[in-house]
Amino acid sequence: MTTETTHQTAPQSEQPAEPVKPANPVDRFFEITKRGSSLATEVRGGIVTFVTMAYIVILNPIILSAGVDIDGDQLGFAQVSAVTGLTAGVMTILFGLVARLPFGFAAGLGINSFLAVSVVGQVTWPEAMGLVVINGLIIVLLAATGLRRLIFDAVPIQLKIAITVGIGLFIAFIGFVDAGFVTATGASSPPVGLGIDGSVSTVPTLIFVFTLLLTAILVARKVKGGILIGLVSGTVVAVVVEAIWNIGPKFAGDEVNPGGWGLSVPELPAQWVSLPDLSLVGQVSFGSFERIGALAALMLVFTLVFTNFFDAMGTMTGLSKEAALADERGDFPRLKSALVVEGVGAVAGGFASSSSNTVFIESGAGIGEGARTGLANVVTGVLFLVAMFFTPLVSIVPTEVAAAALVIVGALMMAQIRSIDFSEFSVLVPVFLTVTVMPLTYSIANGIGAGFIAWVVIRSLSGKARQISPLLWVVAAGFLVYFARGPVEALLGG
């Protein structure tokens, strides 16, 4: 039987409480105390963000090295892995020092897939990276001139919140898919299903479920470091299980093991340290305009800019809301600096041949752990730089375990929907489209575009045209072109 404390303290004089002063220059620079955090919390949050993002050091080279360019050349796996860690580390630290926000950077999955599948069939890899650099320079220009901020401000708060919720569902869906909890059926209906033939029967997926439930319990009980404890516990269990049963990878050459691990097998590596090969740095060419023509090259740049621009805007909006750093309009501290540095990430990624680097939604795991400042980014960035030398060690954490953290964070971000007033149907539909299109099309930009277009069309034809920013009309028109880029590219190609 529990008892409650009933005694009261003696009356105190009514005086306003003095603000807590920063303990040291690091605290003052990052505003750790001001944002209600602590040094230990920031370090822990930075570690959690790295653990949930570390898979990119393995996944990015898998995606990029699979792309064969027009000359028949491919990027080396080890080289891409090294530059992936390099750019992620440098950009994450830079963003933490300049924007002082806990948003980790790494190669964007949408853009790297677009490069490997669509772009390098027309140009060489150096030329493809040249297009990425141009894309980044355009984004930096838009941010530096304030136009990117104007577009950000033109977005209604309802859509900003919807973007947060949509990203939450998106990263949760990514987690479910990465864990094998949700799989493609290969049929037109239903396109996805539970596990294998409707059953959760593989050991990796069961470990995902274990990690998810354990982490959820720890977070629900407000245990400090709950997400990190869940990740470490899940990884330890995975390593033990693999050592006993030798499950092996899901894909080994041409053979497929449905019950195997996804991207990495949780086993202690034979070699712990390896020197990074940075030979891809600087392998950039701008010859694509001559090779495929200016119009076709510009269309590729347009696609990169739109994807990069709105993926990052949506991600930063969602993360700032989740970290309680956004105001009632959805703005967050040092917004212009954040937008400029995000553009620099695209330039750096193209220059290093790691693909455009952008804000990662997995940063929400660190924020869920309590990270509120750029110090967490410094921790994450340093770990990425160290990871260049310890790529075998990074691969110990299986995707199925990291996926559990994504689902937890997705649930936390979903809670933001309570702030939207759904009494107007002209608000409900654009919000609904934003939230649902993101996970269903596997694209943040697609969800934002669907929401923007629906907002402009439905609200204006419902007698609320004057409430819509002219800039939002322009952006919505741009999304119409973005969604029709396939026919437009075919027309230009013809």
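Residues numbered from 1 in each chain as written. Predicted model: local features only at pLDDT ≥ 70, side-chain atom pairs only at ≥ 80, totals over all residues. Heavy atoms only, no water.

### Thoughts on the packing of helix 7 (residues 147–154) against helix 13 (residues 335–352)
With their axes 10 Å apart at the nearest point, helix 7 and helix 13 run at an angle of 120° to one another. Crossing geometry of helix 7 relative to helix 13 is assigned as right-handed. Where helix 7 approaches helix 13, its residues Arg148, Arg149 and Phe152 are matched on the opposing element by Leu335, Leu339, Glu342 and Gly343. (Axes fitted to C-alpha atoms, helices over the stretch in contact; angles between N-to-C directions. Helix = DSSP H or I, 4+ residues; strand = E, 2+ residues; numbered from the N terminus. Left-handed = near helix turned anticlockwise from the far one by under 90°. Contact = heavy atoms within 4.5 Å.)

### Brief notes about the side chain of glutamate 342
As for its position among the elements, glutamate 342 is in helix 13. Given the relative accessible area of 0%, glutamate 342 is considered buried. Of the polar contacts made by the side chain of glutamate 342, one reaches the side chain of asparagine 308; its length is 2.9 Å. At a separation of 2.7 Å, a polar atom in the side chain of glutamate 342 contacts the side chain of threonine 358. Those residues within four positions of glutamate 342 in sequence are excluded, and the remaining contacts are Phe105, Ile139, Arg148, Asn308, Ala312, Met316, Asn357, Thr358 and Val359. (Buried < 20%, exposed > 50% of the residue type's maximum accessible area, 1.4 Å probe, protein only. Polar contact = N/O pair within 3.5 Å; in protein donor to acceptor, adjacent residues only side chain to side chain.)

### Side note on the nonpolar core
By size, the foremost hydrophobic cluster in this structure holds 110 residues, and its most contacted members are Phe95, Leu115, Trp125, Phe310, Met316, Phe452 and Phe479. Element by element, the count of residues in this core is highest for helix 12 (residues 294–322), at 12 residues. Once residues within four sequence positions are removed from consideration, phenylalanine 479 is found in contact with Phe306, Phe310, Ala445, Ile448, Gly449, Phe452 and Ile453. (Core = buried A, V, L, I, M, F, W, Y, C linked by side-chain atoms within 4.5 Å.)

### A short note on the confidence of the model for the chain
Detailed reading of the predicted coordinates is not advisable wherever pLDDT is low. Scored by pLDDT, the chain comes out at a mean of 86, with 93% of its residues at no less than 70. Ranking the elements of the chain by mean pLDDT puts helix 16 (residues 391–394) last, at 68, and helix 15 (residues 374–387) first, at 96. Throughout residues 1–17 the model reports pLDDT below 50, and contacts reaching past four residues in sequence, or to other chains, amount to 0 contacts. (pLDDT = per-residue confidence, 0-100.)

### Re unusual backbone geometry
A cis geometry characterises the amide bond from serine 189 onward to proline 190, with omega recorded as -5°. Even without a glycine there, the phi angle at arginine 100 is positive, about 55°. As for its placement among the helices and strands, arginine 100 is situated in the loop between helix 4 (77–98) and strand 1 (105–107). Note on arginine 100: relative accessible area 19%, which makes it buried. Phi is positive for serine 355, which is not a glycine, with a value near 80°. Tracing the chain through its elements places serine 355 in the loop between helix 13 and strand 6 (357–359). Serine 355 gets classed as buried once you look at its relative accessible area, which sits at 0%.

### Quick word on the pattern of salt bridges
Oppositely charged side chains may form a pair once their charged atoms are brought near each other. In this structure the tally under the stated criterion is 9 salt bridges. Here lysine 34 ties to glutamate 31 by a salt bridge, and the two come within 3.9 Å at their closest N and O atoms. Arginine 459 is the salt-bridge partner of glutamate 424, the closest N and O atoms lying 3.2 Å from each other. Placement of glutamate 424 in the loop between helix 17 (399–414) and helix 18 (425–441) and of arginine 459 in helix 19 (residues 444–464) is noted, with a sequence separation of 35 residues between them. Each of Glu31, Lys34, Arg35 and Arg334 takes part in salt bridges that share partners, so that together they form one network. (Salt bridge = Lys/Arg side-chain N within 4 Å of Asp/Glu carboxyl O.)

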